[in-house]
Amino acid sequence: MSILAEREDQAVEENLQNDDDYEESFFQDIDSLQNHGINVADIKKLKSSGICTIRGVQMTTRKKLCNIKGISEAKVDKIKEAVAKISSDGFLTGLQVSEKRKQVFKISTGSTEFDNLLAGGIESMAITEVFGEFRTGKTQLSHTLCVTTQMPGNRGYCGGKVIFIDTENTFRPDRLRDIASRYNLDHDAMLDNVLYARAYTSEHQFELMDYVAAKFHEEPGVFKLLVRTGAPIARRRRSTSCV
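Here's what I pulled together on the structure shown here. Along each chain, numbering runs from 1 in the same order as the chain's sequence is written. Local features in a predicted model are, by the rule used here, given only for residues with pLDDT of at least 70; side-chain atom pairs are given and counted only at 80 or more, and totals for whole chains, interfaces and linings are based on all residues. Values reported for side chains reflect all heavy atoms of the structure, with hydrogen atoms and water molecules removed beforehand.

Pairing within the open sheet is parallel, and its three strands lie in the order β4-β3-β5. Of all strands in the sheet, those with a lone pairing partner are β4 (194–198) and β5 (223–228), marking the two edges. Taken pair by pair, the neighbouring strands of this sheet meet at an average axis angle of 10°, ignoring direction. Two strands are said to pair when DSSP picks up at least two bridges between them. For helices the rule is a DSSP run of H or I covering at least 4 residues; for strands it is a run of E covering at least 2, with both sets numbered from the N terminus onward. In this sheet, β5 lies alongside strand β3 (residues 161–166) in parallel orientation, the contact comprising five bridges. Counted as the bridge partner of I165 is R228 from β5. By definition, residues are in contact when any of their heavy atoms lie within 4.5 Å. Fitted lines through C-alpha atoms serve as axes, helices being fitted only where they are in contact, and the angles separating the N-to-C directions of these axes extend from 0 to 180 degrees. Helix-sheet contacts for helix α11 (residues 202–218) involve β3, β4 and β5, and the interaxial angle to β5 is about 175°.

Have a look at this one:
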């Protein structure tokens, strides 16, 4: 039994190390661009636009980078060239992808049957869209995930914090308290791990997402779930104007 326990502990430590390696790569600071000829002023302009990591530059189109005040097309080309030198991204073998997939964890929905349908729960490193008619449980699911995300799970997952962006004013702390009671969690500690913001317009949502990007950069690996509730504000406004 002791040998088996030691092997299990070793497996957990290896998984945690893999997670650290992934997070270090994913959250690589754009300050490293200074070593490749990008000046501090331009890096500050990128950060002010919510681009704080090398991956963030890769995920931003040239058009959007050019829209940043003070960043010209020539500078964009230079930044992209520098990022290409730093990043190790490219084609991977199927085996390498398989190894990366081992870092994926699942967050429980709070329902065993629902988890089984989802092959274990809500998957990390992915975008999951939940849609349905009024009163079908979407808000309840989002509230439950705010709690279950903080609980330890499989593959060495030790839990994490949540960011909740609310476009329809449906967030209710009391509902989280009820769910936390089900799992015998401390109410105040649980609520303290949920970062909440109310979004009023589509433009406000973009501003909040810039803040989220900066927060993820400041505390890499701490936040494990981002919840954005409701239909996009711009789409709702178009629908309303047609009535």
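Before going further, it helps to spend a moment on helix α9 (residues 173–182). All of the buried residues along α9 are L176, I179 and A180. Projected down its long axis, α9 carries its buried residues within an arc of 100°, all on one side. Opposite its buried face, α9 presents the exposed residues D174, D178 and R182, each directed more than 90 degrees away. Buried residues along α9 sit in contact with α8 (138–148), α10 (187–192) and β4. Note on α9: the residue one or two positions beyond its end, N184, has a positive phi of about 55°. In this scheme, a residue with accessible area under 20% of its type's maximum is buried, one over 50% is exposed, and one in between is partly exposed, where area comes from a 1.4 Å probe on protein chains only. Here the arc refers to the directions that run from the helix axis out to each C-beta atom.

Take the pattern of salt bridges next. Salt bridges are defined as contacts in which a side-chain nitrogen from Lys or Arg sits within 4 Å of a carboxyl oxygen from Asp or Glu. In this structure the tally under the stated criterion is twelve salt bridges. Linking K47 and D29 is a salt bridge whose minimum nitrogen-to-oxygen distance equals 3.9 Å. Here K47, found in helix α2 (residues 40–48), pairs with D29, found in the loop between α1 (2–26) and α2; they are 18 residues apart in sequence, far enough to count as distant. Taking the relative accessible area as the measure of exposure, K47 reaches 30% and is therefore partly exposed. Here E81 and K85 are joined by a salt bridge, their closest N and O atoms 4.0 Å apart. Remark: K85 and E81 occur in helix α5 (residues 73–86); sequence separation between them is four residues, near one turn of the helix. Residue K85 is classed as exposed on the basis of its relative accessible area, which comes to 58%. Bridged by salt links that share partners, the residues D29, D31 and K47 form one connected network.

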